[in-house]
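Summary of structural features
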Amino acid sequence: MAVKVLVFAGSARRDSLNKKLARVAADAVREAGGEATFVDLDEYPMPVYHGDDEAKNGMPENARRLREIFLAHDALLIASPENNQSVSSLLKNTLDWLSRSLGDGKGLNSGLAPYKGKLAGLLAASPGIFGGVRGLPHLRAILASLGVTVLGAQVAIPRAHEAFEDDGRLKDPAHVKAVHLLAEGVVHTAAKLKEAPDPPRIGQDSAKSR
Ligand code: FNR
């Protein structure tokens, strides 16, 4: 069965450079033999996480919908904008809401369920000269804390406002190649993780025994 990769950007902006990059990455996943689902976070607006709001209203409907989509995929490809050298607040807020437990918090209701055992590949695009690369270690750490295995390879596109053709393709063959290699890495490694009987959960197992 083909590996299912959920692809999204940490920006809701209509002309987002990271959405463009995410769409290119989704095509690359398909070329690598995976199934790609592109999701636009603009279609899943949710409030900034607030504990009182959660206590009163529970998880927002859009977070629940997105959570179901996460659960149905094997891997993530995330194109993250860099805000003040870290991830966007939209991306962090979305990941935070989805990490909240539902009901009894067990099994698929666990806050880790949308993440645990998944593989992720990271990309970034920025008009700046660093291409958003300074935010990616932060995203890597957030995902690792949720039980996601993040590929070492990553792609950052500097001067991204000049990097795309009008039809959305990347202009520079080196960028095209880098995105394809990352997508192949995600599809092939996620296929191997899927075959593994039980993905490594070292942190959670040792936490249990504390
Ligand atoms: C930015 N931007 C930015 N860019 C960058 O390369 N490094 C940075 O640290 C920041 N910091 C930053 C902070 C805030 C609050 C904003 C609003 C913007 C610029 C940002 O990367 C740029 O607007 C991107 O184009 C946003 O991503 P999308 O929407 O094009 O995907």
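Rules used throughout
- Residues numbered from 1 in each chain as written.
- Predicted model: local features only at pLDDT ≥ 70, side-chain atom pairs only at ≥ 80, totals over all residues.
- Heavy atoms only, no water.
- Axes fitted to C-alpha atoms, helices over the stretch in contact; angles between N-to-C directions.
- Helix = DSSP H or I, 4+ residues; strand = E, 2+ residues; numbered from the N terminus.
- Parallel < 35°, antiparallel > 145°, perpendicular 65-115°, else oblique.
- Left-handed = near helix turned anticlockwise from the far one by under 90°.
- Contact = heavy atoms within 4.5 Å.
- Nonpolar A, V, L, I, M, F, W, Y, C, P; charged D, E, K, R; others polar.
- Buried < 20%, exposed > 50% of the residue type's maximum accessible area, 1.4 Å probe, protein only.
- Phe/Tyr/Trp six-rings, centres within 6.5 Å; stacked < 30°, edge-to-face > 60°.

**Comments concerning the packing of helix H1 (residues 17–31) against helix H6 (residues 173–195)**
At their nearest, the axes of H1 and H6 sit 8 Å apart, and the two run at 55° to each other. The orientation of H1 relative to H6 falls into the category oblique. Between H1 and H6 the crossing geometry is right-handed. Note on element contacts: H6 touches H1 through Val179, His180, Ala183 and Val187, opposite Leu21, Val24, Ala25, Ala28, Val29 and Glu31. Its residues placed into classes, the contact of H1 with H6 shows eight nonpolar, one polar and one charged.

**So, the environment of lysine 19**
Looking at the element boundaries, lysine 19 is found in helix H1. Ignoring any residue separated from it by four or fewer positions in sequence, one finds lysine 19 in contact with Ala9, Ser11, Ala12, Arg13, Arg14, Phe38, Asp40 and Asp42.

**Section: the side chain of threonine 94**
With respect to the element layout, threonine 94 can be found in helix H4 (residues 89–98). Judged by its relative accessible area of 2%, threonine 94 falls in the buried class.

**A short note on the packing of aromatic side chains**
Overall, the coordinates contain three aromatic pairs when judged by the stated rule. Centroid distance phenylalanine 8 to phenylalanine 70: 5.7 Å. Interplanar angle 45°. Geometry classified as tilted. Here the residue phenylalanine 8 occupies a position in strand S1 (residues 4–9), and phenylalanine 70 occupies one in helix H3 (residues 61–71), the gap between them amounting to 62 residues. Ring centres of tyrosine 49 and tryptophan 97 lie 4.8 Å apart, and the angle between their planes is 65°; this geometry places the pair in the edge-to-face category. Separated by 48 residues along the polypeptide, tyrosine 49 in the loop between strand S2 (35–39) and helix H2 (51–57) and tryptophan 97 in helix H4 bring together distant segments of the chain. What makes tyrosine 49 partly exposed here is its relative accessible area of 30%. Overall, tryptophan 97 belongs to the buried group, its relative accessible area being 0%.

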